[in-house]
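Take a look at the letters that make up each chain.
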Amino acid sequence: EKGGWDSFMDKEIHEDPAAVQRTLIGRMSDDGTIHLDEVHIDEHELKAVDKIIVVACGTASYAGMVAKYAIEHWVRVPVEVELAHEFRYRDPILTPRTLVVAISQSGETMDTLMALRHAREQGSKVLAICNTQGASIARESDAVLYTHAGPEVAVASTKAFVAQITAAYILGLYLAQLKGTVFRDEIRNTFDQLQAMPRKIQWVLDTQPSTIEQAAVQLADARSFLFLGRHVGYPVAMEGALKLKEIAYTFTEGFAAGELKHGPIALVDEGEPIVFIVPPARGRNVLHAKVLSGIEEVKARGAYIIAVAEVGDKDVERYADVIFWRPECPTLMSPLVDVVPLQLFAMDMAKQKGYDVDKPRNLAKSVTVE
Ligand code: F6R
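- As annotated in an unreviewed UniProt entry, the protein chain is Glutamine--fructose-6-phosphate aminotransferase [isomerizing] from Bifidobacterium gallicum DSM 20093 = LMG 11596.
- On record in UniProt, under Function (unreviewed entry), the comment for the protein chain is "Catalyzes the first step in hexosamine metabolism, converting fructose-6P into glucosamine-6P using glutamine as a nitrogen source."

Okay, here's the thing in structure tokens:
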């Protein structure tokens, strides 16, 4: 059932393009409108939403963090992202105009289930983004937007993550359409950008694996890694760091690149491997310059730089020791491609160290206890 792959993780990473593509199917009609037919929350209620709170754990919470940037940009409604286990026990402010979005691959994560129960008790509506048909989280929510990643077997989540971002983006575009915060042409244009992503992910899968594997061979014995990004690259860095801890048991820390000078730079020493998610350089993107200056800072202190960067980025070429290339795409779409080399890198690192990539120690595929 691994279909020729030597692990489920390998197979499932290669299903990233299909997971995005299948999650997009049937969402845009010829007249350029987005459909969420199965979301049976009254349109007036959705239109009146004045705050969105994403509740999730682990990888799903990073998908929520990515979605925050896009949804706030499109819908102009504040989005909070909260770990489900923290949310439940802090007396969060919930009203009938709060939309709680619970993101879960398994649909059985107890922390997330308890959070959504609490939100509904307080009178808020809950929409689940879930990968498992009929799971508890789907059943107990007011509405479900299914991700169509297909069953995920490997314990470390990969294809579900890109599907979660895709579904959350569709929700964002739908809310923007309802509230009239984005022109119809622009909604269609953004949806087209999403539809172009499976092809771009496939390009990474076709062209980058040998560079990634070589990097893993070289870095397998590294004691720790830092992962840094800004804007949507920040949650991608967090997710890349989580993957590497989970399956290669390497000590990692992910954080926002802008924090470097506020403390973590003290950790940087000769040879320390640091992964940077570099935003697109086009359009004189100010974020690109900022991330680049972070790279220069740590390079000067002898760090070993691994960059995820856009094809042709000459500035990055000047400083990075290894580059995992991404094809051109808009910044908001970049997480869908940028996570892919990091998934492959974690898998290759685990293989180098001789670990079972599908069944990391101490972890279960769904965490059904609080
Ligand atoms: C990471 C991972 C976990 C899950 C988290 C939430 O690879 O698998 O961090 O993402 O336990 O699980 P779900 O999405 O099933 O609620």
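From this point, things continue past the structure.
So, the pairing of strand 10 (residues 322-326)
Then comes step 1: Extensive coverage of strand 10 is indicated by the burial of 5 of its 5 residues.
Then comes step 2: Here strand 10 shows two buried faces, one formed by Val322, Phe324 and Arg326 and the other by Ile323 and Trp325.
Then comes step 3: Direction of pairing for strand 9 (residues 304-310) relative to strand 10: parallel, over a ladder of 5 bridges. By the bridge assignment, alanine 309 is partnered in strand 10 with tryptophan 325.

Description of the site of the ligand
Then comes step 1: Near the ligand there are 14 residues, and of these Ser104, Gln105, Ser106, Thr109 and Glu246 occur at the shortest range.
Then comes step 2: Within the backbone of threonine 59, an N or O atom sits 3.2 Å from an oxygen atom of the ligand.
Then comes step 3: One of the side-chain nitrogen or oxygen atoms of threonine 109 is found 2.5 Å away from an oxygen atom of the ligand.
Then comes step 4: Counting residues per element, the ones that place at least two in the shell around the ligand are helix 4 (58-75) and helix 11 (233-248).
Then comes step 5: When grouped by side-chain class, the residues that make up the shell around the ligand number 5 nonpolar, 7 polar and 2 charged.

So, the packing of helix 8 (residues 159-179) against helix 14 (residues 334-352)
Then comes step 1: Taken N-terminus to C-terminus, the directions of helix 8 and helix 14 make an angle of 175°; their axes are 10 Å apart at the nearest point. By the angle class used here, helix 8 and helix 14 are roughly antiparallel. Residues Phe161, Val162, Ile165, Thr166 and Tyr169 of helix 8 form the contact with helix 14, whose participating residues are Pro335, Leu336 and Val339.

Observations regarding helix 14
Then comes step 1: Over its 19 residues, helix 14 extends 28 Å from the first C-alpha to the last, a length consistent with the 27 Å expected when each residue adds 1.5 Å.
Then comes step 2: With 17 of its 19 residues buried, helix 14 lies for the most part within the structure.
Then comes step 3: Glycine 354 occupies a position one or two residues after helix 14 and carries a positive phi of about 80°.

Some words on helix 8
Then comes step 1: In this model helix 8 runs 31 Å from its N-terminal to its C-terminal C-alpha over 21 residues, within 8% of the 30 Å that 1.5 Å per residue would give.
Then comes step 2: Within helix 8, 19 of the 21 residues are buried, which leaves the element mostly enclosed by the surrounding structure.
Then comes step 3: Within two residues after helix 8, glycine 180 carries a phi angle of roughly 70°, on the positive side.

Some words on the pattern of salt bridges
Then comes step 1: For the structure on display, the rule yields 20 salt bridges.
Then comes step 2: A salt bridge links glutamate 45 to lysine 125; its shortest N-O distance comes to 3.7 Å. Within this pair, whereas glutamate 45 is found in helix 3 (residues 43-47), its partner lysine 125 is found in strand 4 (residues 125-130), the two being separated by 80 residues in sequence.
Then comes step 3: Of the residues examined, glutamate 45 reaches a relative accessible area of 35% and is grouped as partly exposed.
Then comes step 4: A salt bridge links glutamate 297 to arginine 301, with the shortest nitrogen-to-oxygen separation between them at 3.2 Å.
Then comes step 5: The class for glutamate 297 is partly exposed, based on a relative accessible area of 38%.
Then comes step 6: It is possible to trace a salt-bridge network through shared partners that takes in Lys51, Glu80, Glu82 and Arg90.

Topic: the sheet that holds strand 5 (residues 143-146)
Then comes step 1: Across the sheet, which stays open at both edges, the 5 strands sit in the order 2-1-3-4-5 with parallel pairing between neighbours. Among the strands making up the open sheet, the edge pair consists of strand 2 (79-83) and strand 5. The sheet shows a mean angle of 20° between the axes of neighbouring strands, taken without regard to direction.
Then comes step 2: With respect to the sheet, helix 4 is in contact with strand 1 (51-56), strand 2 and strand 3 (98-104), its orientation differing from that of strand 2 by roughly 170°.
Then comes step 3: Against the sheet, helix 6 (residues 110-121) makes contact with strand 1, strand 3 and strand 4, and its axis sits at roughly 165° relative to strand 3, the strand it touches most.

Concerning the state of the cysteines
Then comes step 1: Tallying each qualifying case throughout the model produces 0 disulfides.
Then comes step 2: The thiol of cysteine 57 is not disulfide-bonded; the next cysteine sulfur, from cysteine 130, is found 13 Å away.

Considerations on the side chain of aspartate 348
Then comes step 1: In this fold, aspartate 348 is placed in helix 14.
Then comes step 2: Buried aspartate 348, no salt bridge; nearest opposite-charge side chain is lysine 351, N-O distance 4.8 Å.
Then comes step 3: Not counting the four nearest positions on each side in its chain, aspartate 348 is found in contact with Pro209, Ile212, Glu213 and Ala216.

Quick look at the packing of aromatic side chains
Then comes step 1: Under the counting rule described, the total for this entry stands at 5 aromatic pairs.
Then comes step 2: When the centroid spacing of 6.3 Å and the interplanar angle of 40° are considered together, the rings of phenylalanine 225 and phenylalanine 227 count as tilted. In terms of burial, phenylalanine 225 and phenylalanine 227 fall into one category: buried.
Then comes step 3: Here the aromatic residues Phe225, Phe227, Phe324 and Phe345 are joined through ring pairs into a cluster of three or more.
Then comes step 4: A cation sits over an aromatic face here: arginine 88 above tyrosine 89, 5.1 Å from the ring centre.
Then comes step 5: The ring of tyrosine 249 has arginine 361 sitting right over it, with the charged end atom 3.8 Å from the ring centre.

Cut-offs applied
- Residues numbered from 1 in each chain as written.
- Predicted model: local features only at pLDDT ≥ 70, side-chain atom pairs only at ≥ 80, totals over all residues.
- Heavy atoms only, no water.
- UniProt positions renumbered as here; feature names shortened; annotations may be inferred.
- Buried < 20%, exposed > 50% of the residue type's maximum accessible area, 1.4 Å probe, protein only.
- Helix = DSSP H or I, 4+ residues; strand = E, 2+ residues; numbered from the N terminus.
- Pairing = 2+ DSSP bridges.
- Near = heavy atom within 4 Å.
- Polar contact = N/O pair within 3.5 Å; in protein donor to acceptor, adjacent residues only side chain to side chain.
- Nonpolar A, V, L, I, M, F, W, Y, C, P; charged D, E, K, R; others polar.
- Axes fitted to C-alpha atoms, helices over the stretch in contact; angles between N-to-C directions.
- Parallel < 35°, antiparallel > 145°, perpendicular 65-115°, else oblique.
- Contact = heavy atoms within 4.5 Å.
- Expected span 1.5 Å × (residues − 1).
- Salt bridge = Lys/Arg side-chain N within 4 Å of Asp/Glu carboxyl O.
- Disulfide = S-S within 2.5 Å.
- Lys, Arg positive; Asp, Glu negative; His and termini not counted.
- Phe/Tyr/Trp six-rings, centres within 6.5 Å; stacked < 30°, edge-to-face > 60°.
- Lys NZ or Arg CZ within 6 Å of the ring centre and 35° of its normal.

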